[in-house]
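Here is what each chain is made of, one letter per residue.
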Amino acid sequence: MKLFAVTPGFEVGGSIFKPEQLSVLGNVLGDKARIELTNFQQLYVELDEDSDVEMVKEKLKSVGLQIYPVGSYVKSLKTCSFCQGAEVEGLPTALALNDAVAGQEVPAPMHIAYTGCTNACGEPLLQDIGIVKNKEVFDVYVGGNPKTLKAQVGELLIAGVPENKLNDVVQQLINLYKENGKKREKFSKFVGRITIDKVRENAQIVL
Ligand code: SF4
């Protein structure tokens with residue numbers, strides 16, 4: 001089977017599909033496709049092996065849908081709905097971060113959440129990396145895990161990251177995980193294994 005993820009991206013209001021996008025999605029995928037709604041603001045699409053998947057992806061992109069790989073990759077950002085407006089909540093910052101990091105191959109699926117204020121509506125403390133805009137700077141949390149009976153809340157890694165350093169800090173975390181994580185080791189376990197102090201030390205290099 002051929003598998004990929006589809007999202008409408010995010011904007012003020014959240015992740016919003018337009019009717020035309022859903023119409024094209026249904027028409028292009030056809031009756032045999034399997035479409036699963038994930039809890040990470042993505043649709044997983046499964047097509048038959050003989051499908052022309054590249055043609056399908058191009059048609060979906062032509063109506064503004066975004067395509068991401070499924071599996072051990074950095075997922076597209078999970079966000080809040082930016083309820084107080086794009087600029088106040090840092091929507092351009094979140095879009096730039098998503099462009100910079102989503103789709104990179106890592107040891108296990110990696111989830112990053114971004115929220116525009118400390119109300120943290122996008123559940124950043126339950127993700128591998130959680131970013132919370134806190135007035136003009138960003139607080140970065142790591143090691144959250146929403147799954148299993150050992151679910152855990154992330155810990156504050158660095159407070160007060162300036163906007164122009166946010167992508168570098170997140171990329172540094174991803175690089176550390178890429179280089180030192182064991183195959184299929186979840187990021188939260190990785191942080192526990194190498195210790196949050198070591199992760200912090202490494203991330204602070206770029207500040
Ligand atoms: S985290 Fe803040 S900006 Fe984002 S939806 Fe919640 S209250 Fe609004």
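Residues numbered from 1 in each chain as written. Predicted model: local features only at pLDDT ≥ 70, side-chain atom pairs only at ≥ 80, totals over all residues.

## Describing the domain arrangement of the chain
- Considered domain by domain, the chain is made up of domain 1 (2–68) and domain 2 (78–204).
- Taken residue by residue, the interface counts seven residues in domain 1 and ten residues in domain 2.
- Looking at the side of domain 1 that touches domain 2, its residues break down into four nonpolar, three polar and no charged. (Domains from an automatic or database assignment. Contact = placed C-beta atoms within 7 Å. Nonpolar A, V, L, I, M, F, W, Y, C, P; charged D, E, K, R; others polar.)

## Notes on the site of the ligand
- Neighbouring the ligand are the residues Cys80, Ser81, Phe82, Cys83, Gln84, Glu89, Thr115, Gly116, Cys117, Asn119, Ala120 and Cys121.
- When its residues are assigned to classes, the shell around the ligand shows six nonpolar, five polar and one charged. (Near = placed C-beta within 6 Å.)

## Examining the nonpolar core
- Within the largest apolar cluster, 33 residues are counted, with the highest numbers of intra-cluster contacts made by Ile112, Val140, Val142, Val170 and Leu173.
- Every element with two or more residues in this core is listed here: helix H4 (91–101), strand S6 (112–115), strand S7 (129–134), strand S8 (137–142), strand S9 (155–161), helix H5 (163–180), helix H6 (187–194) and helix H7 (196–204).
- The element that contributes the greatest number of residues to this core is H5, accounting for seven residues.
- The residues touching valine 140, leaving out its near neighbours within four places in the chain, are Ile129, Ile131, Leu157, Ile158, Val161 and Val169.
- Grouped together as the second largest cluster of nonpolar side chains are eight residues, Ala5, Leu25, Leu29 and Leu60 included. (Core = buried A, V, L, I, M, F, W, Y, C linked by C-beta atoms within 7 Å. Buried ≥ 20, exposed ≤ 12 C-beta atoms within 10 Å, placed from the backbone. Helix = DSSP H or I, 4+ residues; strand = E, 2+ residues; numbered from the N terminus.)

## Examining the sheet that holds S9
- If you walk across this open sheet you meet the five strands as S5-S6-S7-S8-S9, and the pairing is mixed. What marks the edges here is a single partner per strand, and that holds for strand S5 (78–79) and S9.
- By the bridge criterion, four bridges tie S8 to S9 in an arrangement that is antiparallel. Note on S9: the bridge partner recorded for valine 142 is glutamate 155. (Pairing = 2+ DSSP bridges.)

## Observations concerning the sheet that holds strand S2 (residues 34–37)
- Spatially, S2-S3-S1-S4 is the arrangement adopted by the four strands of the open sheet, whose pairing is antiparallel. Every other strand in the sheet has two partners, leaving S2 and strand S4 (66–68) as the edge strands with one partner each. Going from strand to strand, the sheet's axes swing by 30° on average, the running direction of each strand aside.
- As paired strands, strand S1 (residues 2–7) and strand S3 (residues 43–47) are joined by five bridges and run antiparallel to one another. Counted as the bridge partner of valine 6 is leucine 43 from S3. (Axes fitted to C-alpha atoms, helices over the stretch in contact; angles between N-to-C directions.)

## Details of the packing of H4 against H5
- At a minimum axis distance of 10 Å, the contact between H4 and H5 shows a crossing angle of 30°. As far as their axial angle goes, H5 and H4 are roughly parallel. Seen from above, H4 lies across H5 with right-handed handedness. Contact with H4, carried on its side by Thr93, Ala96, Leu97, Ala100 and Val101, involves Glu163, Leu166, Asn167, Val170, Gln171 and Ile174 of H5 and no other residues of that element.
- Here the residues of the contact of H4 with H5 are counted per class, giving seven nonpolar, three polar and one charged. (Parallel < 35°, antiparallel > 145°, perpendicular 65-115°, else oblique. Left-handed = near helix turned anticlockwise from the far one by under 90°.)

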